[in-house]
Amino acid sequence: MKLLWLGVDVSRVLHLAAVFCLTCVLLKAIQLFHRRRELLRALADFPGHPTHWLFGHVHEFLKEEEVLDKAELWAQKYPLVHPMWFGSFSAFLVITDPDYAKVLLARGDPKDNISYKHLVPWIGNGLLILHGPKWHQHRKLLTPGFHYDVLKPYVALMAESTSVMLDKWEKLIADGKPVELFEHVSLMTLDSIMKCAFSCHSDCQTNRKNTYIQAVYDLCHMVHQRLRIFPYHNDIIYWLSPHGFQFRKACRIAHDHTDKVIQERKESLKDEREFEKIQKKRHLDFLDILLCAKDENGAALSDEDLRAEVDTFMFEGHDTTASGISWLFYCLATHPEHQQRCREEIQGILGDRETIQWEDLGKMPYSTMCIKESLRLYPPVPGVSRQLSKPITFPDGRTLPEGSVTAISIYLIHRNPEVWKDPLVFDPLRFSPENVSGRHSHAFLPFSAGMRNCIGQQFAMNEMKVALALTLLRFELLPDPATPPLKITRIILRSKNGIHLYLRKLEEQVRNRQEKAMFGNSMASLLDNITRPSAAILQLSVLLGVTFVLLKVLQFYWERKKLIKALEAFPGPPKHWLYGHNHLLKSENFLHQVVSWGEEYPHAFPRWFGPILPSIIIHHPEYAKTILGRADPKASTVYKLLVPWIGKGLLILEGSKWFQHRKMITPAFHYDVLKSYVTLMSDSVKVMLDKWDKRITERRSVELFQDVSLMTLDSIMKCAFSFNSNCQTQSDSHYYIRAVFDLSYLLSNRIRNFPFKVFFYDFTHNGRAFQDACKLAHTHTDQVIKERKMLLSNEKELEKIQKKKHLDFLDILLCSKDENGVGLSDEDLRAEVDTFMFEGHDTTASGISWLFYCMSLHPEHQQRCREEIQGILGDRDTIEWEDLGKMTYTTMCIKESLRLFPPVPGVSRELSKPVTFPDGRSLPAGCQVGLSIFAIHRNQDVWEDPEVFDPLRFSPEKSAQRHSHAFLPFSAGSRNCIGQQFAMNELKVALALTLQRFELYPDPSKLPIMIPQIVLRSSNGIHLHLKKVI
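Since the model is a prediction, treat every value here as computed from it, not as a measurement.

Enquirer: I'd like a description of the pairing of strand β4 (residues 91-95), backed by residues and values.
Expert: Extensive coverage of β4 is indicated by the burial of five of its five residues. Burial of β4 is two-sided: the residues A91, L93 and I95 facing one way and the residues F92 and V94 facing the other way are all buried. As defined by bridge partners, strand β3 (residues 81-85) adjoins β4 across five bridges and the pair is classed as antiparallel. Within β4, the residue paired with V81 across the bridge is I95. Remark: five residues form the turn of the hairpin made by β3 and β4, two consecutive strands paired antiparallel; G87 in that turn has positive phi of roughly 75 degrees. Here β4 pairs with strand β9 (residues 405-409) via three bridges, running parallel.

Given below as structure tokens:
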């Protein structure tokens, strides 16, 4: 029986409908298949990360806070450009190289129709969305709206909005909790843009009842929400959802308000008197300029175009600038040295003023560099995309057809290690004029580039400067370690959990110092109570102790699990489950054991310090080159022991402050400065040789290391302070000399013993002695710095010093200034002087002592050096600067000695980001890496017969063929030893004067036993027989 309805066979209709639907599905499947085939053909020349057959790469980015970090890893693996797939049928090409970006941005391709289309219902077809002739017309009409004369009066409006925000913060910080900045900054930029666009004082920062303000704020949130929820990308699904209804409602409110304001303003501008009155009595806002704009034919913008441009200005000038300011504050909070320098610059410009003016903005060079470096690391718009209107050919010859979608990842270009040195380091000096001039034109793209660059970039930069200046005048910014921001990209760069900072009013810092002074009394009372614990307190202490131990055990377990997984690709010697490799390595056999393991495990192997602390030991030049080509910080395990003495000088520092110090100290090691030191070195060596002259009558061997160490200490005192210490001859020498010598000894002793921890060490006899020696050394250095500063402040005295004697190391440090005329602080001065004392004394003593030992073992090379030196000096018993460059064979012997016995047998780094080695193996961030210079220098794959003393390895022809990182006595890369020429000069002077007076012979009964204790020492000293040269 047929089912009829109005005479129509319903079953047949349903059958036809089913056939129609099936046909549509098949046609869609064919269309999608054809689309995928075209995409695969177009992207065939661009290798990328493997895709899932259904999800493409979408499943790789389920956690949006990991998207950018994962994108960085892919960009390193697939340089220049790589494809990104959204499912099986949608893909675009991600550009991460400036040359590729330059080619694309030089064209006029339209924006893609994937992400930008969600903005159209709100902002319409304004400058952000338009393309072609209409875009050109709008751009030309809008350009006068961003002229300097128009932007000038906006500065006062921006300052007014910023002050409102800062007043709010003053109330919020009363409870001592961190403040989430992004929402406040977003409201502030919205308030500011309302004043600049409409001359509307909205009070949106303090009163959110304004319907238009609430609509704009809601629209920004809902656009980001729609991008985040994949089904909402479909218009039908979104419009039928509750969020779609709210979005349309907010659009109506925003459009009604904008239309109303436009109509009212048009009416007022029709009256010529009113127009003249507006021009005379207030600034022209953005809407005024749009209404007055006319093209070459006298045609103005339509009402629809006017609304689109005003709404576009509201979106782009509000949310993007809020992102830039928020991340800028975060950068300065995490880099207090740059924050303080910006504050000092701003205070110098504004003086007692609390307001900022247009003229002030151009006087902020360092603050501007900090803003640009923040925009590099955290670009507000992390990427832009284009849909190709015609085929494109990239610089390497690869092409893409018309219709392809390309995305320029500004974020990845800004962090490209091929473009930026140490890209993750916050270094404002990248934007100094000399550094900018040599950079690729498309390496820095916070406002895009080419014809479609951001028209409002000067507006944004001005607002960032105003916000930064007024904020730093009132608050110190401090990071919240408990809530680090999680970067996510939602058209603009945001943080998933907000940007949380602690804010401290500047005047409170004085009060805090007073509170610290009162801390002693309250602490004494607390300790008094603790010494009489009740039973409950004891029980609680036991419970807390047990809990702490359990948590520590869990932490050890998880850390060990992670480390074992990371080190699977690096086979190494078998280890004990508890001791690791410690039971296999005694200080006397440590270095040779590392060399032996290196022969068994090529390139690198793990060395375990107990059950959970490994370090990858590198013993091959290629691996060393990879590590030393980066800017990872020193591993803290050993170097931190030095900080109480030498402070944070060039040896310990990292990041931009290290770069600043290195730049300022470099002139102190210029040839012209080092020339005058040769005489001082000679004087110190002669004193040592005179001592030996008296001792050799006893017909016993001489232990060199202590004498050489005193000699280098005497020499360094003269070069650093112009101070004649007599430390070589007087056992009761100056207290500072005694302190430095004790500190070197105590450090070596501490490294040899396991209880490194401050808690244990400070309570030992040696710990107290170390603290006392530090105080003596610091007191002397501080006093000398203070006296020398007073001396150099007198211009006549300064001229006298420069004319009558060499400038010592301290003089040069005190006179050095950075590009802004700022010198080193007293704390930095002391740290650098103490670092110079340590590095220039102990390491050089090690090099000289082992050099003498090598010469004693190889009398044929000793004699050849002696003959070369006698030929240069003749009858002279002194050595001059010009003589050093003539010692070719002697220099080769010194280098061969440094190869076999490098004064610093190893350096270590803690990886700040993952590293991939030349053979494809990789290590994650946080791993400790030890470069065994000793093992590299004795690697039989690099050096033929590495245990043989052969100075001719360093002949010019053999050196030219050698790997650049095969010989590393002074390390390599950006952090190589700044004083290597100083050390080489002292080695030459010591060897030349010694060989003129003595023949060196080994003592077979006391062969040295090498041990690494920061520097290469001998556990039983270095004993030689000395015989006077006749």
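From this point on, the discussion continues.
Enquirer: Provide a residue-level description of unusual backbone geometry, including the pertinent values.
Expert: Even without being a glycine, S448 presents a positive backbone phi close to 60 degrees. Mapping S448 onto the fold places it in the loop between α19 (433-437) and α20 (457-474). Residue classification places S448 among the buried positions, given a relative accessible area of 15%. In this model, H603 sits at a positive phi of 70 degrees, which is unusual for a non-glycine residue.

Enquirer: Report on the nonpolar core, specifying residues and quantitative values.
Expert: Ranked by internal contacts, the top residues of the largest apolar core, which has 147 residues, are W122, W169 and I408. Among the elements that take part in this core, helix α14 (residues 303-334) stands out by supplying 14 residues, more than any other. Residues I665, I716, C719 and L898 belong to the second largest nonpolar core, which totals 138 residues.

Enquirer: An account of the packing of aromatic side chains is requested, with residue identities and associated values reported.
Expert: Under the defined criterion, the tally for this structure stands at 35 aromatic pairs. Each ring, one from Y100 and one from F394, has its centre 4.3 Å from the other, and the planes form 15 degrees; the classification is stacked. With Y100 in helix α3 (residues 98-105) and F394 in the loop between β7 (392-393) and β8 (399-400), this pair connects stretches of sequence that are 294 residues apart. In this structure, Y100 and F394 share a single accessibility class: buried. Taken together, the ring pairs in this structure connect F146, Y154, F286, F313 and F459 into an aromatic cluster. In this structure, R415 packs its charged tip against the face of Y378, placed 5.4 Å from the ring centre. Note that R864 overlies the ring of Y889, its terminal NZ or CZ placed 3.9 Å from the centroid.

Enquirer: Tell me about the packing of helix α30 (residues 704-721) against helix α36 (residues 826-857), and name the residues and values.
Expert: Helix packing geometry: the angle between the two helix axes and the distance between the axes. Taken N-terminus to C-terminus, the directions of α30 and α36 make an angle of 140 degrees; their axes are 8 Å apart at the nearest point. Where α30 crosses over α36, the handedness of that crossing is right-handed. Packed against α30, whose contacting residues are L704, F705, V708, S709, M711, T712, L713, I716, M717, A720 and F721, the element α36 presents V833, F836, M837, G840, H841, D842, T844, A845, S846, I848, S849 and F852 at the interface.

Rules behind the numbers
Residues numbered from 1 in each chain as written. Predicted model: local features only at pLDDT ≥ 70, side-chain atom pairs only at ≥ 80, totals over all residues. Heavy atoms only, no water. Buried < 20%, exposed > 50% of the residue type's maximum accessible area, 1.4 Å probe, protein only. Helix = DSSP H or I, 4+ residues; strand = E, 2+ residues; numbered from the N terminus. Pairing = 2+ DSSP bridges. Core = buried A, V, L, I, M, F, W, Y, C linked by side-chain atoms within 4.5 Å. Phe/Tyr/Trp six-rings, centres within 6.5 Å; stacked < 30°, edge-to-face > 60°. Lys NZ or Arg CZ within 6 Å of the ring centre and 35° of its normal. Axes fitted to C-alpha atoms, helices over the stretch in contact; angles between N-to-C directions. Left-handed = near helix turned anticlockwise from the far one by under 90°. Contact = heavy atoms within 4.5 Å.

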